[in-house]
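Survey of secondary and tertiary structure
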Amino acid sequence: MRNAWPLLFLAACLSNERTSITSPLEHRLRGDRSGACVALALIADGKSERGTVCAGEPRPFDADTAFEIGSISKTMTGFVIATLIAEGKLALNDPIELYLPAGTKVPRHGEQPIRIEHLLSHSAGLPPLPSRMMPRDGNDPYADLSEQQLFDSLADVQLSEPPGTSWAYSNYGYMLLSYIASTLGGADLEVLLRERLFRPLGMHAFVAQRPAGVHDAQGHLALGIATAPWTFPAKLSGLGGVHATLDDMIRYAEAALGTGDPGVVATIKRTSEIIRQTDDGPAMGMGWIRQQEASHVLLLHDGGTGGFSSIIVIDPESGRAVVALSDTALTNTGGLSELAAHVLFPDEVPLDLPRKLATPNPELLTELQGRYALDELGITLVVRDGSLFMQPEGQPELQLGYDSYGDFYPTTLIDAVLTPVRKDGAPITFDWKQGGGMVRAVRLP
């Protein structure tokens, strides 16, 4: 659900005027093979400048178009947790087992328990996803996740070091936080978000209960293919279930900069303060990542679902922020971070060119032919008629396209990227990126 950071409408409609942010959008997107559309806003000096650009044909966005914001939702889950702490219903150093059903086997390292702060800061030692999560539909992976699967999966976790020692991004941890927040708050997380965050800021954001007049953008794979939205169980949606319009995200960014409902502003400020930093990870607030970029200390989070990408970046010192929302899953190709960073710091962050269709060198194709192991899956790459084909064991063959960044990608069925890798004189192999994860293939004799 998370990309690596290392990621306007007027009152009635998205603006198609040329503005200072339209130019970088066009530079990066026009002709990009993804076909993505991006709506972006720069907030500075108490004003917001908006723009939208599509790689290909424009899509029907307006001021009431909502996007899946993916893991930016985690900062909002952190907000709800902060309100519950302020109410005295839990504390950062509370062991999580206090708030889970009796009999749940919660892992420990010796006598060291997993605490609330460890879940918030991705330092609990939990895996990215529950081990017993077995979605019936890979295009909607969280739809049938049960609370019982969530709790039972804890028994499968073996902690190799004390919680709080290392940073490992975990959607699983935020599923548990969602459950804890819903239980202590006495309502589903969506209700808590609406009452405590969305309504005070005038946001029309939602998880499942779409406000009147708001409609969803159609999500897409990075092949231009339309894909179904993701759905989440009501109590477990805090890892990535929020939908929001660009105006909603502008209001959220403004609150992070100190403008808006005073109670919300004060709570967001608390969530952005560092609660933990490990030796191998970023400084973490309650969902917010704090990162040093050149001379700037930024608050940020990005997000990606099956059909959408998003990012919010806050520069508190300068009072500036960027939010960007795309109707296309760009996780495997880096997301929106480079674009957002350029808009915020145009003199410091160069902007890349679009990923366009290209023709691979025949020598590269010949080198890549062969057998590989991708984790436990056998893969064969073959060349036919000047194109590379991938044959996973027991699965349909995939024809791979090629782009100007030097990456191959399936032209149908799935959203993924194959990046050739040459290292230390060893035979060529490749990295396979899919769903926000990456696996390096092992070349077989």
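Residues numbered from 1 in each chain as written. Predicted model: local features only at pLDDT ≥ 70, side-chain atom pairs only at ≥ 80, totals over all residues. Heavy atoms only, no water.

As a further point, take the environment of Val343. Examined against the element boundaries, Val343 turns out to sit in helix α9 (residues 337–344). By relative accessible area, which is 6% here, Val343 ends up buried. Once the C-alpha coordinates of Val343 and Leu40 are considered, the two residues, 303 residues apart in sequence, prove to be 9.4 Å apart. In contact with Val343, other than residues within four places in its own chain, are Ile21, Pro24, Leu40, Leu42, Arg320 and Val322. (Helix = DSSP H or I, 4+ residues; strand = E, 2+ residues; numbered from the N terminus. Buried < 20%, exposed > 50% of the residue type's maximum accessible area, 1.4 Å probe, protein only. Contact = heavy atoms within 4.5 Å.)

The tally for this structure, following the rule as stated, stands at 1 disulfide. There is a disulfide in this structure between Cys37 and Cys54, and the S-S distance comes to 1.9 Å. Looking along the S-S bond of the Cys37-Cys54 disulfide, the torsion reads about 110°, which is the right-handed sense. One end of the pair, Cys37, is in strand β1 (residues 37–44); the other, Cys54, is in strand β2 (residues 47–54), with 17 residues separating them in the sequence. Cys54 shares its class with Cys37; the two are buried. (Disulfide = S-S within 2.5 Å.)

This part covers helix α8 (residues 262–272). Every buried residue of α8 is accounted for by Val264, Val265, Thr267, Ile268, Thr271 and Ser272. The buried residues of α8 all sit within an arc of 165° when viewed along its axis, so they share a single face. Exposed residues lying more than 90 degrees from the buried face of α8 are Pro262 and Lys269. Here the buried face of α8 lies against α2 (73–86), α6 (189–201), α7 (246–256), β11 (289–293) and β12 (296–304). Capping the start of α8 is the job of one residue whose side-chain oxygen sits 3.1 Å from the backbone nitrogen of Gly263: Asp261. (Arc of directions from axis to C-beta. Polar contact = N/O pair within 3.5 Å; in protein donor to acceptor, adjacent residues only side chain to side chain.)

Next up on the list: the packing of aromatic side chains. Counted under the stated rule, the structure contains 10 aromatic pairs. Note on Tyr142 and Phe232: the rings are 5.1 Å apart at their centroids and 20° apart in plane angle, and the pair reads as stacked. Remark: Phe232 occurs in the loop between β8 (226–227) and β9 (243–244) and Tyr142 occurs in the loop between α3 (116–120) and α4 (147–152); sequence separation between them is 90 residues. Assessed through its relative accessible area of 4%, Tyr142 is described here as buried. Relative to Phe430, the ring of Tyr372 lies with its centre 4.9 Å away and its plane at 65°, an arrangement referred to as edge-to-face. Here Tyr372 is found in strand β15 (residues 370–374), whereas its partner Phe430 is found in strand β21 (residues 429–434), with 58 residues between them in sequence. Here Tyr372 matches Phe430 in class, with each residue buried. Every member of this aromatic cluster is reached through a ring pair, and the members are Phe61, Phe67 and Phe308. Over the ring of Tyr409 we find Arg33; its NZ or CZ atom is 3.7 Å from the centre of that ring. Over the ring of Phe389 we find Arg384; its NZ or CZ atom is 4.1 Å from the centre of that ring. (Phe/Tyr/Trp six-rings, centres within 6.5 Å; stacked < 30°, edge-to-face > 60°. Lys NZ or Arg CZ within 6 Å of the ring centre and 35° of its normal.)

Turning next to the pairing of β15. Pairing of β15 with strand β16 (residues 377–384) involves 5 bridges; the strand directions are antiparallel. Each bridged residue has a counterpart across the sheet, and for Leu374 the counterpart in β16 is Leu377. Between β15 and the antiparallel strand that follows it, β16, lie 2 residues; Asp375 among them carries a positive phi value of about 55°. Both β15 and strand β23 (residues 442–443) contribute to a ladder of 2 bridges, which runs antiparallel. Its bridge partner being in β23, Ala373 is matched across the sheet by Val442. (Pairing = 2+ DSSP bridges.)

One number sums up the size of the largest cavity: a volume of about 40 Å³. As for the largest cavity, its lining consists of Arg33, Ala222, Leu223, Ala329, Leu330, Asn332, Thr333, Tyr409, Asp415, Ala416 and Val417. By residue class, the composition of the lining of the largest cavity is 7 nonpolar, 2 polar and 2 charged. (1 Å grid on protein atoms, 1.4 Å probe; cavity = no way out; pocket = protein on both sides within 12 Å on 5 of 7 lines; lining within 4 Å. Points joined across faces, edges and corners; volume = space filled by probe spheres on them. Nonpolar A, V, L, I, M, F, W, Y, C, P; charged D, E, K, R; others polar.)

Let's shift gears to the packing of α7 against α8. One way to put it is that α7 packs onto α8 with a least axis distance of 8 Å and a crossing angle of 70°. Our classification of the angle between α7 and α8 gives roughly perpendicular. Along its contact with α7, which presents Tyr252, Ala255 and Ala256, the element α8 presents Val264, Val265 and Ile268. Looking at the contact of α7 with α8 residue by residue, the class counts come to 6 nonpolar, no polar and no charged. (Axes fitted to C-alpha atoms, helices over the stretch in contact; angles between N-to-C directions. Parallel < 35°, antiparallel > 145°, perpendicular 65-115°, else oblique.)

Turning our attention to the pattern of salt bridges. By the definition in use, this model includes 19 salt bridges. Residue Arg210 is joined to Asp216 by a salt bridge in which the shortest nitrogen-to-oxygen separation is 2.5 Å. On the basis of relative accessibility, which here comes to 42%, the residue Arg210 falls in the partly exposed class. Across the pair Asp431 and Arg440 runs a salt bridge whose closest N-O atoms are separated by 2.7 Å. We classify Asp431 as buried; its relative accessible area is 7%. Judged by relative accessible area, which is 39%, Arg440 ranks as partly exposed. Put simply, Arg33, Arg355, Asp403 and Asp407 are held in one network by salt bridges that share partners. (Salt bridge = Lys/Arg side-chain N within 4 Å of Asp/Glu carboxyl O.)

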